[in-house]
Amino acid sequence: MDQEPQGRALSFATAFLMPGHFIALELRAFLSYRNSPYSLAYWRSTSQFEVDFVVGQELALVVKATTLVSDKPLKGLRALAEEGQIRHLGVISQDPHYRLTQDGIHIWPWAIFLDQLWAGTLGDRPSFVRHSW
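Asks: Teacher, can you tell me more about the pairing of strand S3 (residues 59-63) here?
Replies: Moving residue by residue along a regular strand, the side chains alternate between the two faces of the sheet. The element S3 is extensively covered by neighbouring structure, given that five of its five residues are classed as buried. Side-chain alternation along S3 places Leu59, Leu61 and Val63 on one buried face and Ala60 and Val62 on a second face that is also buried. Note that strand S2 (residues 50-55) and S3 share three bridges and pair antiparallel. In the strand pairing of S3, Val54 is matched with Ala60. Counted along the chain from S2 to the antiparallel partner S3, the turn is three residues long, and its residue Gly56 has a positive phi close to 55 degrees. The sheet contact formed by S3 and strand S4 (residues 88-93) spans five bridges and is parallel. In the strand pairing of S4, Leu61 is matched with Gly90. Where the polypeptide runs from S3 across helix H3 (residues 74-81) and back to S4, its parallel neighbour, the crossover connection is right-handed.

Asks: What am I meant to see in the sheet that holds strand S5 (residues 99-100) here?
Replies: In a beta sheet, neighbouring strands are held together by backbone hydrogen bonds and run either parallel or antiparallel to one another. On the basis of which strands lie adjacent, the open sheet formed by six strands has the order S1-S2-S3-S4-S6-S5 and mixed pairing. Here the strands that pair on one side only, and so sit at the sheet edges, are strand S1 (40-44) and S5. Pairing of S5 with strand S6 (residues 105-109), which is carried by two bridges, proceeds in the antiparallel orientation. Each bridged residue has a counterpart across the sheet, and for Leu100 the counterpart in S6 is His106.

Asks: Looking at this model, I keep getting lost on the nonpolar core. Mind explaining?
Replies: Grouped burial of nonpolar side chains is what soluble globular proteins tend to show. With 16 residues, the main nonpolar core has Ile23, Leu27, Phe53, Leu61, Phe113 and Leu117 as its most contacted residues. Secondary-structure elements contributing two or more residues to this core are helix H2 (21-33), S2, S3 and helix H4 (110-119). If one sorts the elements of this core by residue count, H2 sits on top with four residues. Other than its neighbours up to four places away in sequence, Phe113 contacts Leu27, Leu61, Ile92, Trp108 and Leu122. Formed by 15 residues, the second largest nonpolar core is a distinct cluster that contains Trp43, Val54, Ala60 and Leu89.

What counts, and at which threshold
Within any chain, residue numbers begin from 1 and follow the written order of that chain's sequence. With the structure being a predicted model, the display of local features is reserved for residues of pLDDT at least 70 and the display and counting of side-chain atom pairs for 80 or more, all residues being used for whole-chain, interface and lining totals. The basis for the side-chain values is all heavy atoms of the structure; hydrogens and waters are excluded. Relative accessibility under 20% of the residue-type maximum defines a buried residue, over 50% an exposed one, and the middle range a partly exposed one, all with a 1.4 Å probe and only protein chains included. Helix numbers and strand numbers start at the N terminus; a helix is a DSSP run of H or I with at least 4 residues, a strand a run of E with at least 2. Should DSSP find at least two bridges between two strands, the strands are taken to pair. Crossover handedness is defined by viewing with both strands directed away from the observer: a clockwise path from the first strand over the helix to the second marks the crossover as right-handed. Residues enter a nonpolar core if they are buried and are Ala, Val, Leu, Ile, Met, Phe, Trp, Tyr or Cys, with the set joined through side-chain atoms within 4.5 Å. Residues count as neighbours in contact if any of their non-hydrogen atoms are within 4.5 Å of one another.

Written as structure tokens, this is what we have:
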């Protein structure tokens, strides 16, 4: 008989055992429920910089299970920003507070990101959030 470990519940960090799986499911559901024309993609440069999720030309996201996003996870977003085709860049993490870097990259605590995504108030409202309202 399978039993749930005592005193333990599924945590956000557990959802990241498969990188970004939880956020991928939420983004896919959001785009589907809103009948969005935007696709969900992954990006890697020839220099091996990576971005976990790209939503059309509106939003690029990196997902990290850290409580303090450092400069390293921002490298892929900054490399993608050099192409000038994505309007909004962000990191979703376990940081306790929302912040905005000097070069305009959003650092969202995961719960705030999801609340704002589903409420349609994400950051400065990328157009994919407004679509089909």
